[in-house]
Amino acid sequence: MKAGHFDLSGKVAIVTGGNGGIGLGMARGLAEAGAAIAIVGRNEAKSQAAVAEIERSGARAISVVTDVTDKAAVAAMAERVARELGRIDILVNNAGINIRKPPHALDIDEWNSVIATNLTSAFLCSQAVYPAMKAAGGGKIINIGSMMSIFGASFAPAYAASKGGIVQFTRSCACAWAADNIQANAVLPGWIDTDLTKRAREQIDGLHDRVLARTPAARWGGIEDFAGIAVFLASPASDFVTGTAIPVDGGYSIMG
Ligand code: NDP
């Protein structure tokens, strides 16, 4: 294995939700490996802070304020990234939300909002970058699933449906675009300390201790735990890896 297998110099990566949490952890890893980064999110101040941080590390970065549920905005985002950064090689579909309610209490607008943000956005962004990846001779798509891609939870009907869907969507892209040298894989995070789960810990009694007890690594994940998997799945090192769903969970999913 040559060091060049993990080299992303000259590559351009789009990271949705890259202004915080797991997306920022992945963006930092991709930048460290040499990629230029487009941070895609709605909160401009948060995105600018992420861009400034990545630039300080020596990599190129831009912010493209975009609601990833909006087809026209996503198309404009892809067009701007290709124009300003010159190409698109890597797409991380990471933007996500949760609304924690049991199925009988979730209303249709809440269902639609979670599905649009977590699942339809991956379809829109993947479709929008496909021509540029094909033109570049290949590409890498990394979709963020969840333990809810595998398990159920009483409080996560739309979230679990979206995250199960993301795994199947990943497999379809992997099959459809293999001939274009595009690899598509999913990453399934365990319980990671981010803004999203800070809210979960407030809303679900005893969650913090249950996660510690259930996770063989006996800790919550940090966003730094996502740099390595992002670089692997974005680099030539993973050229024969496609359609997979890889847990990054401290062993949560194999604990009996
Ligand atoms: P955060 O809340 O920290 O990050 C979510 C990101 O998504 C934000 O950067 C937000 O940016 C962006 N986002 C949300 N809605 C939109 C939208 N409509 N358009 C553009 N960007 C949007 O959460 P995490 O880092 O925890 O979550 C990242 C991903 O990881 C999600 O898909 C989540 O489901 C998944 N995950 C997280 C786990 C965890 O334990 N933390 C476990 C398993 C999966 P902005 O506000 O600027 O729009």
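Scroll up to find the structure.
Residues numbered from 1 in each chain as written. Predicted model: local features only at pLDDT ≥ 70, side-chain atom pairs only at ≥ 80, totals over all residues. Heavy atoms only, no water.

A. Quick look at the overall build of the chain. Within the chain, the secondary structure is distributed over 8 helices and 7 strands. Compactness check: the chain gives a C-alpha radius of gyration of 17 Å against a globular reference of 18 Å for 256 residues, within 12% of the reference. With respect to the three principal axes, the spread of C-alpha positions in the chain is 45 × 40 × 35 Å. For the chain, buried positions account for 51% of its 256 residues. Looking at the chain alone, contacts between residues at least 24 apart form 73% of all its contacts between residues at least 6 apart. (Helix = DSSP H or I, 4+ residues; strand = E, 2+ residues; numbered from the N terminus. Rg over C-alpha atoms; globule rule 2.2 N^0.38 Å. Buried < 20%, exposed > 50% of the residue type's maximum accessible area, 1.4 Å probe, protein only. Contact = heavy atoms within 4.5 Å.)

B. Here's a closer look at the sheet that holds strand 6 (residues 182-189). Ordered in space as 3-2-1-4-5-6-7, the 7 strands form an open sheet in which the pairing is parallel. Both outer strands of the open sheet, strand 3 (61-65) and strand 7 (245-248), are each paired with one neighbouring strand and no more. In this sheet, adjacent strand axes meet at a mean angle of 20° when their direction is disregarded. The strands touched by helix 3 (residues 71-85) within the sheet are strand 1 (12-16), strand 2 (36-41) and strand 3, with strand 3 carrying the most contacts at an inclination of about 160°. (Pairing = 2+ DSSP bridges. Axes fitted to C-alpha atoms, helices over the stretch in contact; angles between N-to-C directions.)

C. How the structure looks around the site of the ligand. Taken together, 28 residues are adjacent to the ligand, and Asn19, Arg42, Asn43, Tyr159 and Thr194 come closest. At 2.8 Å, a backbone N or O of Ile22 approaches an oxygen atom of the ligand. Between the ligand and Val68, the relevant distance is 3.0 Å, taken from a nitrogen atom to a main-chain nitrogen or oxygen of the residue. Alone, the ligand offers 890 Å² of accessible surface; in the complex the protein occludes 94% of this. (Near = heavy atom within 4 Å. Polar contact = N/O pair within 3.5 Å; in protein donor to acceptor, adjacent residues only side chain to side chain. Areas by Shrake-Rupley, 256 points an atom, 1.4 Å probe, with all protein chains shown as cover.)

D. Fine view of the side chain of Thr16. Positionally, Thr16 belongs in strand 1. Those residues within four positions of Thr16 in sequence are excluded, and the remaining contacts are Val40, Val68, Val92, Asn93, Asn94, Ala95 and Cys125.

E. Representation of the pattern of salt bridges within the structure. All chains considered together, the criterion is met by 11 salt bridges. Notably, a salt bridge pairs Arg201 with Asp193, separated by 2.7 Å at the nearest N-O pair. Residue class for Asp193 comes out partly exposed when judged on its relative accessible area of 37%. (Salt bridge = Lys/Arg side-chain N within 4 Å of Asp/Glu carboxyl O.)

F. Expanded view of the nonpolar core. If you look at the biggest cluster of nonpolar residues, it comprises 41 residues, and the most contacted ones within it are Ile14, Met77 and Val81. Secondary-structure elements contributing two or more residues to this core are strand 1, strand 2, strand 3, helix 3, helix 4 (108-136), helix 5 (157-177), strand 6 and helix 7 (207-214). What Ile14 contacts, discounting residues up to four positions off in sequence, is Ala38, Val40, Met77, Val81, Ile88, Ile90, Leu91, Val92 and Val129. Judged by nonpolar contacts, the second largest core, of 32 residues, contains Ala13, Leu24, Val51 and Ile144. (Core = buried A, V, L, I, M, F, W, Y, C linked by side-chain atoms within 4.5 Å.)

G. Local environment of the packing of aromatic side chains. This model, assessed by the stated rule, comprises 4 aromatic pairs. Each ring, one from Phe123 and one from Phe169, has its centre 6.4 Å from the other, and the planes form 85°; the classification is edge-to-face. With Phe123 in helix 4 and Phe169 in helix 5, this residue pair connects regions lying 46 residues apart in the sequence. Using a relative accessible area of 37% as the deciding quantity, one classes Phe123 as partly exposed. By relative accessible area, Phe169 is classed as buried at 16%. The interplanar angle of 65° and the centroid separation of 5.7 Å between the aromatic rings of Trp191 and Trp220 together place this pair among those described as edge-to-face. On the criterion of sequence distance, the pair formed by Trp191 in the loop between strand 6 and helix 6 (195-203) and Trp220 in the loop between helix 7 and helix 8 (227-234) is long-range, its members being 29 residues apart. Each member of the pair, Trp191 together with Trp220, is buried. A cation sits over an aromatic face here: Arg201 above Trp220, 3.8 Å from the ring centre. (Phe/Tyr/Trp six-rings, centres within 6.5 Å; stacked < 30°, edge-to-face > 60°. Lys NZ or Arg CZ within 6 Å of the ring centre and 35° of its normal.)

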